[in-house]
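# A look at the structure
Chain residues, written in single-letter form:
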Amino acid sequence: MPKSLDPPPNGIITLLTDFGMQDPFVGVMKGVILGIGRDCTLVDLTHEIPPQNIVAGMFLLNASVTYFPEGTVHLAVVDPGVGSERKAIAVSALGHLFVAPDNGLLTGIIHRADEYRAVYLENPHFFLNSISQSFHGRDIFAPVAAHLACGTSLHALGSSCEAPVLLEVPTPTVTSDTILGEVLYVDHFGNLITNISRTIYDAKFTGKQIRVEICGQEIPGLSSCYAAVDPGTLLAIFTSFDRLEIAQRDGNAGRALDAEIGTQVRVCSVVVY
Amino acid sequence: MPKSLDPPPNGIITLLTDFGMQDPFVGVMKGVILGIGRDCTLVDLTHEIPPQNIVAGMFLLNASVTYFPEGTVHLAVVDPGVGSERKAIAVSALGHLFVAPDNGLLTGIIHRADEYRAVYLENPHFFLNSISQSFHGRDIFAPVAAHLACGTSLHALGSSCEAPVLLEVPTPTVTSDTILGEVLYVDHFGNLITNISRTIYDAKFTGKQIRVEICGQEIPGLSSCYAAVDPGTLLAIFTSFDRLEIAQRDGNAGRALDAEIGTQVRVCSVVVY
Amino acid sequence: MPKSLDPPPNGIITLLTDFGMQDPFVGVMKGVILGIGRDCTLVDLTHEIPPQNIVAGMFLLNASVTYFPEGTVHLAVVDPGVGSERKAIAVSALGHLFVAPDNGLLTGIIHRADEYRAVYLENPHFFLNSISQSFHGRDIFAPVAAHLACGTSLHALGSSCEAPVLLEVPTPTVTSDTILGEVLYVDHFGNLITNISRTIYDAKFTGKQIRVEICGQEIPGLSSCYAAVDPGTLLAIFTSFDRLEIAQRDGNAGRALDAEIGTQVRVCSVVVY
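Since we're looking at a predicted model, the values are computed, not measured.

Cut-off values and rules
- Residues numbered from 1 in each chain as written.
- Chains lettered and ligands numbered in written order.
- Predicted model: local features only at pLDDT ≥ 70, side-chain atom pairs only at ≥ 80, totals over all residues.
- Heavy atoms only, no water.
- Helix = DSSP H or I, 4+ residues; strand = E, 2+ residues; numbered from the N terminus.
- Buried < 20%, exposed > 50% of the residue type's maximum accessible area, 1.4 Å probe, protein only.
- Least-squares fit on C-alpha atoms with pLDDT ≥ 70 in both.
- Contact = heavy atoms within 4.5 Å.
- pLDDT = per-residue confidence, 0-100.
- Buried area = accessible area lost by both parts, 1.4 Å probe.
- Salt bridge = Lys/Arg side-chain N within 4 Å of Asp/Glu carboxyl O.
- Polar contact = N/O pair within 3.5 Å; in protein donor to acceptor, adjacent residues only side chain to side chain.
- Nonpolar A, V, L, I, M, F, W, Y, C, P; charged D, E, K, R; others polar.

Here we take up unusual backbone geometry. Its identity is not glycine, yet Leu94(A) carries a phi of approximately 60°, on the positive side. With respect to the helices and strands, the residue Leu94(A) is situated in the loop between β4 (88-93) and β5 (96-101). Judged by relative accessible area, which is 16%, Leu94(A) ranks as buried. You will see that Asp250(C), though not glycine, has its phi angle at about 55°, which is positive. Summarising the element assignment, Asp250(C) is placed in the loop between β13 (243-248) and α6 (253-257). Residue classification places Asp250(C) among the partly exposed residues on the basis of a relative accessible area of 40%.

Pasting the structure below:
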């Protein structure tokens, strides 16, 4: 069922940034939001996106939003171009609303949406009175998100954006008996999340035996849960991101394999005699 | 006064996990909760439990819950066995409600409670529609916690759990003139929290002079506050956890002593001539 | 326009501490607050103030509060003297309310305010029943903040404080053609925030060409945004704190320069022939 492009806002605003938790930047954005929409409910997605890493921000935002109720506003700021000529946008897609710099951070959302609507943030009526060159999260994105959560319509914010900036996302290479992908993200547990989706995997290997190769190690077959192998053992699993993940039971696969974002992962079919 | 086993929920849900703050796992659980109980108030206890460390999670949960008003729901997920045969439970105790894997995480709560009631989480009506093998925090624990906070009764969730899994918690050894304990937890300041409770201490040493031995160092007597000794000096103190704690004024005792969880701590009476 | 000294509370409470996010100390304070004021809205400013660093706490609190709506209560705890003779205070200033140890943490707020009112926290009616020697954040500051947010007046808390403790804050030295300042704070991105305010800078250098010297490096002129220089290049910029900041585009100036709090920064006028 395609989602509405005009979901009534539910008052929830999520925040995803690379600002970290050390400084009060996030708290200040929340102060600005609550000054406009006193009853908004604020939820942190994460503020630990690696600094200026738009791809990681795009991936985690895309993996999270549909667990929120329709009509949620998602405020995402990973913004190395702040203060330059880069634009800022608001987007309606998937039954949710998004506010972000126009730098590709919403690529995953836009790719998944059957239809979407995007506008540039141009109307200063919805900004703070004074706009800094370095903190549009506070001066532009936070107040716009608050106004959207309070019912302001997209078209009030600015003119239509026909072609938001989109990132090139690395896709797996499929050959006759292998899928060659790469690590997209390393999570808190050191689990290696790849760009091999369950859809791509199933189309190739459903009902077949496979092995996974990474960093010179071979992992035989898929596991159904972490506890299915012995402690310290590497495993391959489809997890909550719905992507092939390489993990180490009760350990840290990233450190054990010295793997990182971009590390190659190969899935091969195994001939059974 | 024994607390009710059927406290009316107050709409507050706390979250304690080992998920860290880098990934949006916690934010996604909050999205699921707010989709069920839009007016719930969410409070993070901590998400920095050392990965898979059930004992640390048990200790910190137990130290925190009674500062919340009666009827709070506490959602705790430290879950190395996710996806295996381990069960999931909800417990009513101490006037609060708890949702957790049945792996001992609630041991401290159950030991303190005069009476408690526990059920297995069996009724999929209260879960998300699709259950992953790796993220029951999102798919099972979060929706169940939200339903409890909205008034669902324990018995609706599943059958009675007569014997929740309990951990063996290390207890101090008391001899004629010493108490031998160990470090249970090292906090953010490097303070070493031991398993020597004030009750055990008072029964042995009230009105007596003592010294504390740890890592080859001797600390003479108890201090009443950190500022009672000179900067850089080690001290022994009963603090907010109501347990004997070894600290270093304006410093980090864990690093100064190279102490960690499990390090031995001895309290000895001192003969005064 | 001077702000009211009796702003009606708006129910928002911010929290700024050096407690970190590893332990449940902050969560426990929130439990205490919600037990008194169930409808309070809680916003974390930061809990990553370097342990016992009152100056950093003072700086970040001062930089944040005016982005919150009038009538917000700000709870600030950086408290190396907890349990000693140091007093605790509540202050009304800038249209906001503050609760903190009387150790200089509110110096910046008091310096900025045209007028303020301060009282000592003396009335145990507004504390928890049992007061520990080590965690006044939980036992005194949290309940007092909750009562203030619920409408308790300052004078109910205790007697007037005529002279709150104030810190000496390092100020820049201005000579005929230079301003000599220092680094006050290093943020999450490694940006070096100095004690050279825009007001001091403009009075000296408006319309003139300058260069900035730090750690043996020279930076020519001010930039208007991070993206105005090439990646990896150092720049000097006035940012959201309204203070001169030394940054590295897409990098970490603190690590690149091996600079830290207290590092000297010199701004010199450049003669143009």
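Next, the rest of the story.
Our focus in this paragraph is the relation of the copies chain A and chain C. For the pair chain A and chain C, the superposition axis carries a translation of 0.0 Å, the fit reaches an RMSD of 0.0 Å, and the rotation angle comes to 120°. What the superposition gives is, in effect, a three-fold axis relating one chain to the other. Little of the interface of chain A is mirrored in chain C, where only 7% of its interface residues again form contacts.

Residues and elements named next belong to chain A. As for its position among the elements, Gly 71 is in the loop between α2 (54-64) and β3 (73-77). Judged by its relative accessible area of 0%, Gly 71 is buried. Between the C-alpha atoms of Gly 71 and Pro 7, which are 64 residues apart in sequence, the distance is 5.0 Å.

Attention now goes to the relation of the copies chain C and chain B. Taken as rigid bodies, chain C and chain B are interconverted by a rotation of 120° and an axial shift of 0.0 Å, the fit giving an RMSD of 0.0 Å. Different-surface contact between copies: only 7% of interface residues of chain C are shared with the interface of chain B.

With that out of the way, let us pick up the confidence of the model for chain A. Interpretation of the predicted coordinates at a detailed level should be avoided for regions scoring low in pLDDT. For chain A, per-residue confidence averages 93 on the pLDDT scale, and 98% of positions sit at 70 or higher. Under the prediction, the complex receives an ipTM of 0.91, its pTM being 0.93.

Secondary-structure assignment places Ala76(C) in strand β3 (residues 73-77). In this structure, Ala76(C) is in contact with Leu16(C), Leu61(C), Val99(C), Ala100(C), Pro101(C) and Leu105(C), ignoring residues within four places of it in sequence.

Listed per partner, the contact involves 30 residues of chain C and 28 residues of chain B. For the pair chain C and chain B, the summed buried area comes to about 2,500 Å², and 62% of that belongs to carbon and sulfur atoms. The largest share of the area that chain C buries against chain B comes from Gln22(C), Pro24(C) and Arg38(C), three residues that together contribute 23% of it. There are zero salt bridges connecting chain C and chain B. At the junction of chain C and chain B, the tally comes to 11 residue pairs in polar contact (both at pLDDT 80 or more). At eight residues, the largest contribution of residues to the side of chain C that touches chain B is made by helix α1 (residues 25-36) of chain C. Looking at the side of chain C that touches chain B residue by residue, the class counts come to 12 nonpolar, 12 polar and six charged.

This brings us to the interface of chain A and chain C. Counting residues at the interface gives 30 residues for chain A and 28 residues for chain C. Here chain A meets chain C over a buried area of about 2,500 Å², counting both sides, of which 61% is carbon and sulfur. Three residues stand out in chain A for area buried against chain C, namely Gln22(A), Pro24(A) and Arg38(A), and they jointly supply 24% of the buried area on that side. Scanning the region where chain A abuts chain C turns up zero salt bridges. Counting the contacts that link chain A with chain C gives 11 residue pairs in polar contact (both at pLDDT 80 or more). For the side of chain A that touches chain C, the element with the highest residue contribution is helix α1 (residues 25-36) of chain A, accounting for eight residues. Among the residues forming the side of chain A that touches chain C, the class breakdown is 12 nonpolar, 12 polar and six charged.

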